[in-house]
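Observations on the model geometry
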Amino acid sequence: MKLLRSAWRKSANFFDPPRLKKELEELESLTLEPEFWKDQSKAQHVNQKMSRLKQSLEQYQRWCSDVSDLAVLFQVGTEENDESVAEEIEKACKRLNGEIDRLEFVKLLSGEYDDSSAIVTINAGAGGTDAQDWAEMMLRMYLRWCQTRAYKTDLIDQSPGEEAGIKSVTFKVDGPYAYGYLSCEKGVHRLVRKSPFKQGNDSRQTSFAAVEVSPIMSDIDSLVEIKDDDIEVDTMRSGGAGGQNVNKVESAVRIVHKPTGIMVKCQQERSQLQNKALALELLRSKLLAIRQAEREDELAKLKGGNVQATFGNAIRSYVLDDRLVKDVRTKCETTNVESVLDGNLDPFIESYLRYKAIRSQE
């Protein structure tokens, strides 16, 4: 019965049903306004938020029903002195507590933009060809993580390595709390292994790659204003193979933001106008991340681009020969290197969210 009461309290604390119902009612009222559907982008954002609120309330109702059923079962077992139901109740309560535990840390995603989509950029750092290969391995790792969460990903720009791997890559991630989760990965990642590119050399090679993450949402145009005089726009031929348009017309777009020096490039779309619009969206996302960082007095951490991808700045180390992946910030570690490289990042993300929550209370 103690486990049952614990599950009930945790579910109520986690969801705060009255607050969720009030927020849902306010959004539903908003959809009834005559002007609501004129801004399709904003309408889509509101609908997505309403859907998440409804899912949360439905989950809470399911848990309430489970708790009620278990309470009745406990009462019947007590009245009939049937000890066989004790094991069934304990098993169900542990399952219920486990479900709540897995969802509870979503409460830690309370940042202003945590529920937004994300733009992720991976840049190869020190380490030459090995670093470029490491950047490509990281791209695969994050794409696999996105797949496990059914997140949609779109490649925006990619620069191939000279011999292998990639110099840099930028992609967009759409899904609930994409930015909140992926922002935990921002920083320098260090790989230690025997280089497959240096034959006859058994010594370890250390390579680095840096991850930048910025938020993006439907109303970002109104949040970040970009003046025409502040940007320099260049066009070029798209890289890559295939298609009648590729490498024949200047459809790729590169934009430099003069005040900050930020450079973004997009060659995903076939149209120059589409690539320019996407590049501007990417630039706004990066500027929004900087604004957020300045407000939190953590510019060096959130901007990412100012952190050199070299030894001493790494947030996590991947030591293949020792079969160890360890997060420097939280001390979270695992010996299952293959699982991590295959996208199993949740233990590291969850441990960092809890670590960040503890630090914010200090």
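Summary of the structure given here. Here the structure is a predicted model, which means the values were calculated and not measured.

Criteria and thresholds
- Residue positions within a chain follow its written sequence, with the count starting from 1.
- Whole-chain, interface and lining totals are the exception, using all residues; otherwise, since this is a predicted model, local features are given only for residues with pLDDT of at least 70 and side-chain atom pairs are given and counted only at 80 or more.
- As a rule here, side-chain values come from all non-hydrogen atoms in the structure, and water together with hydrogens is ignored.
- Strands are treated as partners if at least two bridges between them are detected by DSSP.
- For the purposes of this entry, the term helix denotes a DSSP run of H or I that reaches at least four residues, the term strand denotes a run of E that reaches at least two, and both are numbered from the N terminus.
- Fitting a line to C-alpha atoms yields each axis, with helices limited to the stretch in contact; the angle taken between N-to-C directions then spans 0 to 180 degrees.
- By definition, residues are in contact when any of their heavy atoms lie within 4.5 Å.
- Within this analysis, patches are made of residues with over 30% relative accessible area and no salt bridge. Like charges are joined at 9 Å or less; nonpolar side chains (Val, Leu, Ile, Met, Phe, Trp, Tyr) at 5 Å or less.
- We get accessible surface area from the Shrake-Rupley algorithm with a probe of 1.4 Å; when it comes to residues, only the shown protein chains can shield them.
- A side-chain nitrogen of Lys or Arg and a carboxyl oxygen of Asp or Glu constitute a salt bridge if their distance falls within 4 Å.
- We count Lys and Arg on the positive side and Asp and Glu on the negative side, and we leave His and both chain ends out.
- Lys charges are placed at NZ, Arg charges at CZ, Asp charges at CG and Glu charges at CD.
- Using a 1.4 Å probe on the protein chains alone, a residue whose accessible area is under 20% of its type maximum counts as buried, one over 50% counts as exposed, and one in between counts as partly exposed.
- Centres within 6.5 Å make a pair out of two Phe, Tyr or Trp rings, where for Trp the six-membered ring is used; the pair is then stacked when the planes are under 30 degrees apart, edge-to-face when over 60, and tilted otherwise.

Strands sit in the order β6-β7-β8 across an open sheet of three strands; the sheet is antiparallel. In this open sheet, the two edge strands, each paired with only one partner strand, are β6 (231-236) and β8 (262-266). Averaged over all pairs of adjacent strands, the angle between strand axes in this sheet comes to 15°, irrespective of strand direction. Bridge analysis of strand β7 (residues 252-257) against β8 gives five bridges, and the strand direction is antiparallel. Across the sheet, residue histidine 257 finds its bridge partner in β8, namely isoleucine 262.

Further remarks concern the sheet that holds strand β1 (residues 117-124). A sheet is described by the order of its strands in space; here eight strands give the open sequence β2-β3-β1-β5-β4-β9-β10-β11, paired in mixed fashion. Since the sheet does not close on itself, it has two edges, and those belong to β2 (152-160) and β11 (333-334), each with one partner. Note that β1 and strand β5 (residues 204-216) share eight bridges and pair antiparallel. Note on β5: the bridge partner recorded for serine 117 is isoleucine 216. Lying on the sheet, helix α5 (residues 128-148) is in contact with β1, β2, β3 (166-174), β4 (187-194), β5 and β9 (314-319); it crosses β5 at an angle near 45°.

What follows deals with a negative patch on the surface. On the surface, Glu79, Glu80, Asp82 and Glu83 cluster together to form a negatively charged patch. Along the chain, aspartate 82 falls in the loop between α3 (40-79) and α4 (84-104). The class for aspartate 82 is partly exposed, based on a relative accessible area of 31%.

In the Ramachandran plot, alanine 150 falls in the positive-phi region, its phi being about 60° despite a non-glycine side chain. Position of alanine 150 among the secondary structure elements: in the loop between α5 and β2. For arginine 323, which is not a glycine, the phi torsion comes out positive at approximately 50°. Looking at the secondary structure, you find arginine 323 in the loop between β9 and β10 (324-327). Accessibility expressed as a relative area gives 38% for arginine 323, which makes it partly exposed.

Right, let's talk about the pattern of salt bridges for a bit. By the definition in use, this model includes 21 salt bridges. Among the salt bridges present, the one from glutamate 212 reaches lysine 286, with a minimum N-O distance of 3.3 Å. Residue glutamate 212 is found in strand β5, and its partner lysine 286 is found in helix α8 (residues 272-295); the two are separated by 74 residues along the sequence. When its relative accessible area of 16% is taken as the criterion, glutamate 212 is described as buried. Judged by its relative accessible area of 12%, lysine 286 falls in the buried class. It is possible to trace a salt-bridge network through shared partners that takes in Glu185, Arg316, Asp327 and Arg329.

Along the polypeptide, glutamine 205 turns up in strand β5. Of the residues examined, glutamine 205 reaches a relative accessible area of 14% and is grouped as buried. When residues no more than four places from it in sequence are discounted, the contact partners of glutamine 205 are Gly127, Asp130, Leu191, Val192, Arg193, Ser195 and Lys198.

Following the criterion strictly, the structure yields five aromatic pairs and no others. Ring centres of tryptophan 134 and tyrosine 318 lie 4.8 Å apart, and the angle between their planes is 65°; on these two criteria the pair is classed as edge-to-face. Of this pair, tryptophan 134 sits in helix α5 while tyrosine 318 sits in strand β9, placing them 184 residues apart in sequence. With relative accessibility at 0%, the residue tryptophan 134 sits in the buried group. For tyrosine 318, a relative accessible area of 0% corresponds to the buried category. With a centroid separation of 5.8 Å and 40° between ring planes, the pair formed by tyrosine 352 and tyrosine 355 is classed as tilted. Here the residue tyrosine 352 and the residue tyrosine 355 both occupy positions in helix α11 (residues 346-361), the gap between them amounting to three residues, near one helical turn. Assessed through its relative accessible area of 26%, tyrosine 355 is described here as partly exposed. Aromatic ring contacts, followed pair by pair, group Trp145, Tyr151 and Tyr181 into a single cluster.

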